[in-house]
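Architecture at a glance
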Protein chains: 6
Amino acid sequence: MAERHDGRRPDQGRPITIETGVTPYAEGSALIATGDTRVLCTASVQEGVPAWRERSGAGWVTAEYAMLPRATHTRTSRERSGPRGRTQEIQRLIGRSLRSVTDMRLLGPHTVTVDCDVLQADGGTRTASITGACVALELALRWMLGEGLVERTAVREKVAAVSVGIVDGTPCLDLDYREDAGAQVDMNLVATESGGLVEVQGTAEGDPFPRRELDALLDLGMAGIDTLLAAQAQALADAS
Amino acid sequence: MAERHDGRRPDQGRPITIETGVTPYAEGSALIATGDTRVLCTASVQEGVPAWRERSGAGWVTAEYAMLPRATHTRTSRERSGPRGRTQEIQRLIGRSLRSVTDMRLLGPHTVTVDCDVLQADGGTRTASITGACVALELALRWMLGEGLVERTAVREKVAAVSVGIVDGTPCLDLDYREDAGAQVDMNLVATESGGLVEVQGTAEGDPFPRRELDALLDLGMAGIDTLLAAQAQALADAS
Amino acid sequence: MAERHDGRRPDQGRPITIETGVTPYAEGSALIATGDTRVLCTASVQEGVPAWRERSGAGWVTAEYAMLPRATHTRTSRERSGPRGRTQEIQRLIGRSLRSVTDMRLLGPHTVTVDCDVLQADGGTRTASITGACVALELALRWMLGEGLVERTAVREKVAAVSVGIVDGTPCLDLDYREDAGAQVDMNLVATESGGLVEVQGTAEGDPFPRRELDALLDLGMAGIDTLLAAQAQALADAS
Amino acid sequence: MAERHDGRRPDQGRPITIETGVTPYAEGSALIATGDTRVLCTASVQEGVPAWRERSGAGWVTAEYAMLPRATHTRTSRERSGPRGRTQEIQRLIGRSLRSVTDMRLLGPHTVTVDCDVLQADGGTRTASITGACVALELALRWMLGEGLVERTAVREKVAAVSVGIVDGTPCLDLDYREDAGAQVDMNLVATESGGLVEVQGTAEGDPFPRRELDALLDLGMAGIDTLLAAQAQALADAS
Amino acid sequence: MAERHDGRRPDQGRPITIETGVTPYAEGSALIATGDTRVLCTASVQEGVPAWRERSGAGWVTAEYAMLPRATHTRTSRERSGPRGRTQEIQRLIGRSLRSVTDMRLLGPHTVTVDCDVLQADGGTRTASITGACVALELALRWMLGEGLVERTAVREKVAAVSVGIVDGTPCLDLDYREDAGAQVDMNLVATESGGLVEVQGTAEGDPFPRRELDALLDLGMAGIDTLLAAQAQALADAS
Amino acid sequence: MAERHDGRRPDQGRPITIETGVTPYAEGSALIATGDTRVLCTASVQEGVPAWRERSGAGWVTAEYAMLPRATHTRTSRERSGPRGRTQEIQRLIGRSLRSVTDMRLLGPHTVTVDCDVLQADGGTRTASITGACVALELALRWMLGEGLVERTAVREKVAAVSVGIVDGTPCLDLDYREDAGAQVDMNLVATESGGLVEVQGTAEGDPFPRRELDALLDLGMAGIDTLLAAQAQALADAS
């Protein structure tokens with residue numbers, strides 16, 4: 001592949017911005033944009049934990065994910081008879097990613113719900129949701145610290161996520177919608193500041209793919225996550 | 001009442017802004033803000049009409065309404081097992097208001113769905129939705145005209161809506177959440193450029209109220225709607 | 001309009017009868033007929049209040065509304081996957097109307113549920129429901145008084161409702177189904193013995209309507225409600 | 001057992017009345033009362049048949065059953081998230097009973113839906129529904145004949161139903177609610193004018209019961225059904 | 001009828017096998033086969049009883065019934081939006097049958113749920129479920145005895161069930177799918193070791209049937225149940 | 001780790017058996033056992049394809065997954081109000097895996113639904129489902145070939161799946177339930193005969209894990225899949 005359709009190099013992500021404090025009510029919030037994908041992440045602190053967790057003494061972090069009907073190129077129906085399978089898969093992934101970097105014992109009997117609402121969808125909404133949700137969560141935990149609800153912040157390190165894929169035979173970083181629709185392999189990586197992997201999800205969209213392509217995609221993705229971690233750090237520094 | 005809690009006079013609405021073209025995909029869109037209430041209105045043009053309307057030869061205009069979970073002061077659950085009664089009431093009201101100013105025979109076999117998604121809720125979300133939706137609808141119909149899908153715009157005149165109410169015994173224009181929560185009477189008015197009424201919905205929250213208070217609220221509301229119609233006109237002129 | 005299709009004058013309501021004590025089990029009951037519209041209203045007293053109300057110390061009054069499938073000219077499906085939007089709107093309206101004349105602190109920890117089941121529908125079912133429900137509620141509260149569950153009746157005054165509308169350009173009282181289907185404006189009024197307004201809901205079915213038509217409809221409706229309040233008083237006197 | 005709690009002999013049914021033509025809209029209707037049990041049966045004729053039956057050339061007869069919330073001694077919730085198991089069992093039984101005496105080929109491409117709505121429930125609501133539904137169905141088929149929709153009536157003979165049971169060791173006919181609640185065996189019989197059985201459903205509520213008790217209950221029930229068939233015949237003769 | 005399609009005499013049941021202990025986890029289990037019909041019955045003991053039964057001091061026995069999608073000749077959809085009417089009817093029948101032979105006061109605060117999952121369906125699945133479920137229940141109660149959860153087994157006697165029907169004019173025992181589909185009368189009998197009847201459910205599939213056919217079917221079924229009770233006894237003896 | 005709790009070496013899978021032709025009705029079927037995990041896989045061939053695929057000219061392969069309530073150590077409720085999120089995730093994974101090795105254009109206008117019903121669950125149910133479903137699918141396609149519905153088999157190569165994980169710090173193959181519950185990392189691999197990857201899903205259950213552990217797990221899993229592919233080949237050869 002000489003060049004991607006929008007002029008990016010294979011190893012180049014889209015421009016990223018993370019704006020914090022975007023809603024007056026949520027305990028933590030972040031509006032993340034990666035290219036034309038925009039996700040509003042709000043973290044809500046609530047007293048109490050789910051019933052099955054009550055005896056543990058620890059808190060809970062969970063996530064919900066949804067798209068506005070016209071976030072997409074053509075209108076998508078609202079999920080008013082329960083979340084679809086894809087939606088449930090995504091919100092479970094976001095929740096697991098956030099919990100992997102949170103010390104839930106430090107939360108005490110509180111639940112933090114991070115809502116990831118996609119305002120515009122141009123590919124990579126689930127990975128942008130994770131990256132933005134981590135910032136909203138960190139801000140909510142700072143708020144809890146300020147209110148004296150916790151003794152120290154429960155987030156151990158930051159977590160970010162990126163998509164990679166094989167497009168026209170070439171491993172590429174951060175696919176947009178057009179690339180994603182035509183990719184031979186599609187993969188999402190979730191990893192932390194210390195370089196640890198949280199989730200690896202790779203899928204052959206057409207033919208099965210060889211192990212060396214998997215390795216190339218992992219290399220590309222880990223480098224891309226470093227960029228995202230830096231953007232998170234900057235946004236959180238600006239919010240202080 | 002000497003003065004309202006935010007310093008407004010009884011007959012004074014909150015600052016209003018209407019931003020158009022805010023999403024890259026929708027055929028028409030508007031982001032309306034009245035004070036801290038913010039609603040994203042997107043109009044989607046789709047081929048075809050509901051089955052029950054197919055033989056009529058005319059088009060259809062409908063609306064959906066939802067709140068982001070953290071649009072509110074504390075988190076509200078998503079309506080994932082069908083819209084609640086209040087939500088249905090509101091989206092039926094928005095739809096009726098838009099249809100009252102649209103000549104649906106001119107639409108041909110098309111449906112325009114206007115989604116009103118509340119990003120922040122500080123009172124008056126249903127009236128802001130109507131006022132913003134009218135702008136998004138007009139823009140979508142201009143787009144249809146540009147695409148040659150219709151011969152002339154099907155919107156006959158603009159429609160806007162406002163809330164009025166009795167707060168501490170005084171008739172007030174455009175209640176915010178705090179005022180609304182304590183109002184003795186709560187009323188929504190929907191009216192058009194030519195001064196016609198589309199909907200009048202007044203409710204005693206506590207004791208029944210006398211006819212003369214109804215008349216005072218109607219006076220107040222009709223004046224407030226004029227201001228909103230001017231803001232719509234300005235936004236649409238800027239969008240040309 | 002020279003004359004209405006059934007020979008009534010514009011300001012003339014349909015014949016009204018209210019029969020009490022029509023079911024052997026309910027604590028209060030009334031069968032109201034306005035023309036061919038017939039609604040069975042039963043009031044059930046139950047111990048306890050909804051969970052969200054438990055700390056208030058006060059009772060609760062709520063309503064449900066439904067139609068028998070063949071109450072209508074052609075058969076309507078049962079609402080077996082939850083009440084439709086229109087049904088929810090109506091039962092919320094009935095509940096609000098009843099609560100506006102009830103002192104719920106006097107009820108103690110009891111809930112009164114008034115079921116309004118439409119046996120025949122010829123227009124005006126929601127207003128007939130309110131007028132009949134008020135009688136059933138009053139009888140249930142008398143029963144509570146007799147049982148020593150309350151110290152005095154919690155209904156402060158009676159409430160009744162009527163529909164008015166513009167038919168063939170003329171403001172008319174108490175529309176039947178045929179008139180309602182062709183009305184230009186449709187309006188429901190709920191008001192009390194002392195002349196207070198509880199709800200005003202006016203809707204342009206076609207073109208928006210001028211303020212003076214609203215005023216004419218209000219005049220017509222308030223007079224019609226007086227007749228209904230008299231019929232309620234007579235039915236309750238007969239029931240003593 | 002010396003005597004039943006309401007003074008009836010073991011082989012004596014409750015007083016029965018069947019009133020026809022009780023609603024202005026339905027093609028056939030009957031209000032049946034057996035003691036304090038009252039069921040409104042309306043038969044609605046609709047064009048077309050269910051999709052799975054379209055190729056058969058024959059019509060269809062079906063039934064729905066419901067109780068008003070306060071048909072019962074204490075209030076029962078509406079079945080708004082789908083009919084409960086018991087309700088489905090009953091409406092399937094009513095439908096099968098009606099179809100057993102109908103020649104559906106004569107109906108042509110029409111569906112007759114018989115709604116059985118219980119206004120008061122004092123035991124035996126399912127059997128009263130069948131007995132009343134048969135009358136409403138016959139009237140609807142007479143209407144079809146009058147309209148020229150069918151060439152001759154499709155009902156071959158009448159069908160009726162009764163409950164029998166063992167109360168305090170004695171086989172009894174037509175149990176009311178109080179007897180039903182304490183019965184050792186509960187049985188429903190559906191049979192036709194020509195003495196044919198359509199359904200036999202007997203259940204031990206407590207201990208299993210011997211074959212001779214089954215035989216005694218069958219004898220009692222068949223005699224009771226004769227009385228019901230006579231009441232149907234009289235009601236239909238009066239309706240001519 | 002000279003001979004049945006599979007060579008059986010009218011009064012001959014299909015070969016029956018009952019295998020116990022077929023799953024490693026359930027407290028009691030039985031795999032019953034009658035001809036090509038195969039049902040896996042597992043009994044699960046759980047602490048606690050349903051809320052409405054809590055004050056009784058007694059335990060509870062309940063049943064669920066389902067078919068694997070390809071248990072049938074052509075694939076049947078899973079019941080993922082709630083059990084269908086037929087399914088509910090069947091599982092209520094299984095539950096009632098089991099409870100008729102269980103002394104629930106002896107169970108203490110425990111619920112036994114017997115799941116009947118049909119692996120292959122060739123007619124008679126509901127009766128095979130009852131016969132197999134009784135064995136699984138007895139084994140679960142022996143397990144409770146072994147664990148010291150009960151003082152003596154709560155099953156008073158065994159219960160079994162069989163289908164009978166009129167095929168080509170002849171009363172036949174234990175119909176398979178092909179016979180069942182063409183039967184004029186279809187009947188299920190549930191009875192106990194001591195010869196008591198628990199349930200009798202006979203239905204005319206086409207024309208109503210005379211009382212003497214009912215009697216013939218009862219005779220045939222009671223004899224068939226004796227064979228099933230013997231097979232249960234053998235399986236339970238082998239399991240000791 | 002000296003040794004696994006059941007005596008296996010880290011790189012050793014559980015005993016595997018695949019039995020074919022286990023149901024008389026399905027077009028293809030396989031009962032797979034890996035240790036105590038047992039899954040019944042049935043492939044059903046149906047005419048037609050989902051509506052959204054009709055214009056493509058190609059066929060469709062899909063999968064459903066469910067557990068019997070007592071497949072698990074303690075009873076799990078049936079999913080009667082729609083499949084849970086986890087279930088949807090699994091059945092989407094099975095479907096994607098099967099489609100990755102099927103040439104759907106060769107299927108013509110047919111849908112093959114593979115039902116994976118877990119009879120016993122001791123870890124690895126989703127991977128056993130994929131491995132067994134592939135055999136059932138291949139048999140159904142052979143049946144289609146035999147019936148002349150397709151010209152040649154549409155399965156290009158076999159696909160199998162295995163779980164791997166980090167248990168007590170050691171990478172292990174084919175975790176059972178006890179190991180899975182305590183694993184630090186859990187990973188599922190789906191791969192084909194030609195060595196191509198179809199899916200890679202790795203999740204940190206506790207702390208994030210380093211890239212070299214991912215590489216070790218991939219090595220272990222790919223070797224394990226070879227064993228499964230051999231078992232599939234043997235079962236299919238025996239079925240010829």
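Residues numbered from 1 in each chain as written. Chains lettered and ligands numbered in written order. Predicted model: local features only at pLDDT ≥ 70, side-chain atom pairs only at ≥ 80, totals over all residues. Heavy atoms only, no water.

1. Concerning the relation of the copies chain F and chain E
Mapping chain F onto chain E leaves a residual RMSD of 0.0 Å; the transformation is a rotation of 180 degrees accompanied by 0.0 Å of translation along its axis. Read as a symmetry element, the transformation amounts to a two-fold axis. (Least-squares fit on C-alpha atoms with pLDDT ≥ 70 in both.)

2. Remarks on the interface of chain D and chain E
In this assembly, 30 residues from chain D lie in contact with 30 residues from chain E. Between chain D and chain E, roughly 2,500 Å² of surface is buried when both sides are summed, and carbon and sulfur atoms account for 50% of that area. The tally of links from chain D across to chain E stands at four salt bridges. Of the charged contacts in the structure, one is a salt bridge between Asp 219 of chain D and Arg 211 of chain E, with a shortest N-O distance of 3.0 Å. At the boundary of chain D and chain E, one finds 12 residue pairs in polar contact (both at pLDDT 80 or more). Of all the elements in the fold, those that place two or more residues in the side of chain D that touches chain E are helix H1 (85-99), strand S9 (197-204) and helix H4 (211-239) of chain D. Counting residues per element, the side of chain D that touches chain E draws most heavily on S9 of chain D, at eight residues. For the side of chain D that touches chain E, the per-class residue count stands at nine nonpolar, nine polar and 12 charged. Note: S9 of chain D against strand S9 (residues 197-204) of chain E, five bridges, orientation antiparallel. Along S9 of chain E, the bridge assignment pairs Val 200 of chain D with Gly 202 of chain E. (Contact = heavy atoms within 4.5 Å. Buried area = accessible area lost by both parts, 1.4 Å probe. Salt bridge = Lys/Arg side-chain N within 4 Å of Asp/Glu carboxyl O. Polar contact = N/O pair within 3.5 Å; in protein donor to acceptor, adjacent residues only side chain to side chain. Helix = DSSP H or I, 4+ residues; strand = E, 2+ residues; numbered from the N terminus. Nonpolar A, V, L, I, M, F, W, Y, C, P; charged D, E, K, R; others polar. Pairing = 2+ DSSP bridges.)

3. Side note on the relation of the copies chain D and chain E
Once chain D has been moved 0.0 Å along the axis and rotated by 180 degrees, it coincides with chain E to within an RMSD of 0.0 Å. Counting the interface residues of chain D, we find that 100% of their copies in chain E are interface residues as well, pointing to one common contact surface.

4. Thoughts on the interface of chain F and chain E
Facing the 38 residues of chain F at the interface are 38 residues of chain E. Carbon and sulfur atoms supply 45% of the area buried between chain F and chain E, which totals about 2,700 Å² over both sides. Of all residues in chain F, the largest losses of buried area upon contact with chain E belong to Tyr 25, Arg 70 and Arg 80 of chain F, amounting jointly to 33% of the total for that side. Counting across the chain F and chain E interface gives 12 salt bridges. Asp 117 of chain E serves as the salt-bridge partner of Arg 78 of chain F, at 2.9 Å between the closest nitrogen and oxygen. Viewed at the interface, chain E and chain F are joined by 18 residue pairs in polar contact (both at pLDDT 80 or more). Those elements that place two or more of their residues in the side of chain F that touches chain E are strand S3 (37-47), strand S4 (60-67), helix H1 (85-99) and strand S5 (110-120) of chain F. Looking at the side of chain F that touches chain E, the element that brings in the most residues is S5 of chain F, giving six residues.

5. Comments concerning the arrangement of the chains
Contact between chain C and chain E is absent, and the minimum C-alpha spacing across the pair is 11 Å. With no contact between them, chain C and chain F keep their nearest C-alpha atoms 13 Å apart.

6. Brief notes about the packing of helix H1 (residues 85-99) of chain A against H1 of chain F
Running from amino to carboxyl end, H1 of chain A crosses H1 of chain F at an angle of 110 degrees, the nearest separation of the two axes being 9 Å. Considering the angle they form, H1 of chain A stands roughly perpendicular to H1 of chain F. When H1 of chain A is examined against H1 of chain F, the residues Gly 85, Arg 86, Gln 88, Glu 89 and Arg 92 of chain A are found in contact with a partner set consisting of Gly 85, Arg 86, Gln 88, Glu 89 and Arg 92 of chain F. Split by residue class, the contact of H1 of chain A with H1 of chain F holds no nonpolar, four polar and six charged. (Axes fitted to C-alpha atoms, helices over the stretch in contact; angles between N-to-C directions. Parallel < 35°, antiparallel > 145°, perpendicular 65-115°, else oblique.)

7. Quick look at helix H2 (residues 125-146) of chain E
Compared with the 32 Å implied by 1.5 Å per residue over 22 residues, the 31 Å span of H2 of chain E between its first and last C-alpha is a close match. Where H2 of chain E terminates, the next one or two residues include Gly 148 of chain E, which has phi positive at roughly 80 degrees. (Expected span 1.5 Å × (residues − 1).)

8. A few points about the pattern of salt bridges
Enumeration according to the criterion identifies 120 salt bridges over all chains in this entry. Note that Arg 4 of chain B and Glu 179 of chain B form a salt bridge whose closest N and O atoms lie 2.8 Å from each other. Linking Arg 4 of chain B in the segment before strand S1 (16-20) with Glu 179 of chain B in helix H3 (residues 177-182), this pair joins segments that are 175 residues apart in sequence. Of the two residues, Arg 4 of chain B and Glu 179 of chain B, neither departs from the other in class, the shared state being buried. With its nearest N and O atoms 3.1 Å apart, the salt bridge here joins Asp 11 of chain F to Arg 9 of chain F. The exposure class assigned to Arg 9 of chain F is partly exposed, which follows from its relative accessible area of 49%. When salt bridges that share partners are traced, they join Arg 4, Asp 6, Arg 8, Arg 14, Asp 122, Asp 174 and Glu 179 of chain A into one network. (Buried < 20%, exposed > 50% of the residue type's maximum accessible area, 1.4 Å probe, protein only.)

9. Quick look at the confidence of the model for chain A
On average, residues of chain A score 93 in pLDDT, and 98% of them reach the 70 mark or higher. What the predictor reports for the complex is a pTM of 0.86 with an ipTM of 0.91. (pLDDT = per-residue confidence, 0-100.)

10. Overview of unusual backbone geometry
If you check the backbone angles, Asp 168 of chain E has positive phi at about 45 degrees while not being a glycine. Even without a glycine there, the phi angle at Asp 174 of chain F is positive, about 60 degrees. Within the secondary structure, Asp 174 of chain F is located in the loop between strand S7 (170-173) and helix H3 (177-182).

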